[in-house]
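# Remarks on the overall topology
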Amino acid sequence: MAGTVFTPSLEGMKHVKSENGVILTKPFLDVCKLILPVLDKFGAAMSIVKSDIGGNITRLETKYNSDPSKFEHLYSMVQVEVEAKTAKGSSSCTNGLLWLTRAMDYLVELFRNLLDHQDWIMSQVCTDSYNKTLKKWHGWLASSSFTVAMKLAPDRKKFMEVISGSGDINADMEKFCTTFAPLLAENHKFLASVGLDDLKAS
């Protein structure tokens, strides 16, 4: 492949914000989708994360497609639900955006760990990232299944070879983290402003 597995999402990130700095729904969801192939390289260790991310993207895309001009801005679907008092429902788009953002936080942390801790084995990279991001929001069940999945993490060296392609993997990973993290922080800030950033999994 030309470049690394991050090349398409890095390209996509250039289009996530409108000219006046608002996060746009479709480009944001596209970037999340473009990072999914990285998860495939993890194999079984990431299958729960991948299906969770995929489900939330689909939920938000369905809402967006129901009225693309109304839901052009990512937060508009949350605002509609907040007004209708349906935002806290488990099948709401607000819930979908929150968990999608949290899963992306986890991935950013994971890539950061790969950059910062060259001596860590993969399961340590995954577990540390999980503890820093998703763990506090997960109930016992989700937490246990995650812990089991992390034991299936691939060999680090092989994984890095597979995702490197023909590009500079460390530079791309760094760029992905520094470009994507502020967008995720913006999502949290918005969700917190409507009192919905701290919902937990049952």
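Note that this is a predicted model, so its numbers are computed, not measured.

### Describing the packing of helix 2 (residues 25-34) against helix 4 (residues 47-66)
- Axis separation between helix 2 and helix 4 bottoms out at 11 Å; the angle between their running directions is 155°. Of the possible angle classes, the one that applies to helix 2 and helix 4 is roughly antiparallel. For the element pair helix 2 and helix 4, the recorded crossing hand is left-handed. Mapping the contact onto sequence places T25, K26, L29, D30, C32 and K33 in helix 2 and I57, L60, E61 and Y64 in helix 4.

### A short note on the UniProt feature "domain: Glycolipid transfer protein" (unreviewed entry) in the chain
- In the numbering used here, UniProt assigns the "domain: Glycolipid transfer protein" (unreviewed entry) feature to residues 23-164.
- With 70% helix and 0% strand, residues 23-164 has end C-alpha atoms that lie 29 Å from one another.

### Regarding helix 7 (residues 122-132)
- For helix 7, the full list of buried residues reads M122, V125, C126, S129 and Y130. The buried side chains of helix 7 occupy one side of the element, clustering within an arc of 125° when seen end-on.
- Tucked inside the fold, the buried residues of helix 7 contact helix 6 (93-116), helix 8 (140-150) and helix 9 (156-164).

### Quick word on the environment of D67
- Of note, D67 is situated in the loop between helix 4 and helix 5 (76-84).
- Exposure remark for D67: the relative accessible area of 29% places this residue in the partly exposed category.
- Between the alpha carbons of D67 and T86 there is a distance of 18 Å; along the sequence they are 19 residues apart.

### A word on the environment of A45
- For A45, the position within the fold is in the loop between helix 3 (36-40) and helix 4.
- Considered as a pair, A45 and S123 are 78 residues apart in the sequence and their alpha carbons are 9.1 Å apart.
- If we skip the residues at most four places from it in the chain, A45 touches A149, M150, L152 and A153.

Calculation notes
Residues numbered from 1 in each chain as written. Predicted model: local features only at pLDDT ≥ 70, side-chain atom pairs only at ≥ 80, totals over all residues. Heavy atoms only, no water. Axes fitted to C-alpha atoms, helices over the stretch in contact; angles between N-to-C directions. Helix = DSSP H or I, 4+ residues; strand = E, 2+ residues; numbered from the N terminus. Parallel < 35°, antiparallel > 145°, perpendicular 65-115°, else oblique. Left-handed = near helix turned anticlockwise from the far one by under 90°. Contact = heavy atoms within 4.5 Å. UniProt positions renumbered as here; feature names shortened; annotations may be inferred. Buried < 20%, exposed > 50% of the residue type's maximum accessible area, 1.4 Å probe, protein only. Arc of directions from axis to C-beta.

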